[in-house]
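Read off the chains here:
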Amino acid sequence: MTDFNYDRIKSDLNRDEILNRMHDTLSDFRYTHCLRVEKVCRGLAAEYDGDVERAGLAGLLHDYAKERSDQEFIDVIKNKNLDPELLKYNNAIWHGIVGAEIIKDELGIYDEDVLNAVRRHTVGATKMTQVDKCVFVGDFIEPQRDFPGIKEARKYAEKSLDAAVAFELKHSVQHLVTKNRAIYPATFVSYNYWIKKGEL
Ligand SMILES: [Fe+2]
Ligand SMILES: [Fe+2]
């Protein structure tokens with residue numbers, strides 16, 4: 001049974017049908033992560049007087065396409081004439097930006113607020129809606145997350161969404177540098193924007 005009412009956000013499927021699809025296409029690990037993120041997103045949206053339904057649905061769907069093959073993402077980028085620059089990247093970027101297209105096609109969800117939050121959850125953006133912020137932060141602090149800095153991240157999320165976004169970007173950039181991993185340019189753009197806001 002559904003605890004939540006997504007009826008107001010047009011979709012070809014109801015929540016139970018969406019959950020069935022997710023259960024079929026995701027590992028248990030990822031599926032339960034999505035459910036936890038949904039819950040945190042709803043909580044954050046409620047706390048900050050936001051759109052609980054959209055934040056929850058976007059949180060639920062944020063990793064919908066995460067376990068698809070590279071070839072599937074490449075096909076979608078080509079078939080939908082998405083920015084060819086995307087081909088230079090990988091799953092980490094694709095599952096958000098390209099994942100939103102897969103959600104449209106498979107679930108019939110065209111709500112741009114929900115889709116943008118999915119697109120932006122991996123690298124953030126300079127202009128983020130409250131739904132975007134809830135998903136970006138909710139993904140980072142869901143209850144099973146455990147990493148150095150998680151307590152601080154949760155504290156910032158209680159203080160303000162903007163502070164939590166800034167902290168998350170700082171933490172992600174630091175982490176990627178430590179691991180000798182490349183940083184997607186949009187991540188730097190987001191980082192510069194949010195760090196200059198001085199919330200930390
Ligand atoms: Fe993700
Ligand atoms: Fe996630």
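Described in the following lines is the structure provided in the data block.

## Let's talk about the coordination of the iron ion (ligand 1)
The iron ion (ligand 1) binds to the protein through Asp63 (OD), His95 (NE2) and His121 (NE2); the donor distances cover 2.1 Å. Along the chain, the residues donating to the iron ion (ligand 1) fall in the pattern D-x31-H-x25-H. Here the iron ion (ligand 1) and the iron ion (ligand 2) are spaced 3.6 Å apart, linked through Asp63, which binds each one. In this pair, His95 sits in helix H5 (residues 91-107) while His121 sits in the loop between helix H6 (112-120) and helix H7 (130-141), placing the two residues 26 residues apart along the sequence. Residues His95 and His121 agree in their burial class; the two are buried.

## Side note on the packing of H7 against helix H8 (residues 150-159)
The relative placement of two packed helices is expressed as an angle between their axes plus a distance between the axes. For the pair H7 and H8, interaxial distance at closest approach is 10 Å and the crossing angle is 145°. Relative to H8, H7 is oriented so that their crossing is left-handed. Taking contact as the criterion, the partners of Val137, Phe140 and Ile141 in H7 are, on H8, Ile150, Ala153, Arg154 and Ala157. Across the contact of H7 with H8, the residue classes break down as 6 nonpolar, no polar and 1 charged.

## So, the packing of aromatic side chains
On inspection of all chains with the given rule, the structure shows 5 aromatic pairs. Look at Phe73 and Trp94: their rings are 5.9 Å apart centre to centre, the planes differ by 40°, and that puts the pair in the tilted class. In this pair, Phe73 is assigned in helix H4 (residues 70-79) and Trp94 in helix H5, connecting sequence segments 21 residues apart. The same class applies to Phe73 as to Trp94, namely buried. Pairing Phe140 with Phe147 gives two aromatic rings, centres 4.9 Å apart and planes at 45°, and the pair type is tilted. Like Phe147, Phe140 is buried.

How each quantity is defined
Residues numbered from 1 in each chain as written. Chains lettered and ligands numbered in written order. Predicted model: local features only at pLDDT ≥ 70, side-chain atom pairs only at ≥ 80, totals over all residues. Heavy atoms only, no water. Donors = N, O, S within 2.8 Å, 3.2 Å for Na, K, Ca; no water. Helix = DSSP H or I, 4+ residues; strand = E, 2+ residues; numbered from the N terminus. Buried < 20%, exposed > 50% of the residue type's maximum accessible area, 1.4 Å probe, protein only. Axes fitted to C-alpha atoms, helices over the stretch in contact; angles between N-to-C directions. Left-handed = near helix turned anticlockwise from the far one by under 90°. Contact = heavy atoms within 4.5 Å. Nonpolar A, V, L, I, M, F, W, Y, C, P; charged D, E, K, R; others polar. Phe/Tyr/Trp six-rings, centres within 6.5 Å; stacked < 30°, edge-to-face > 60°.

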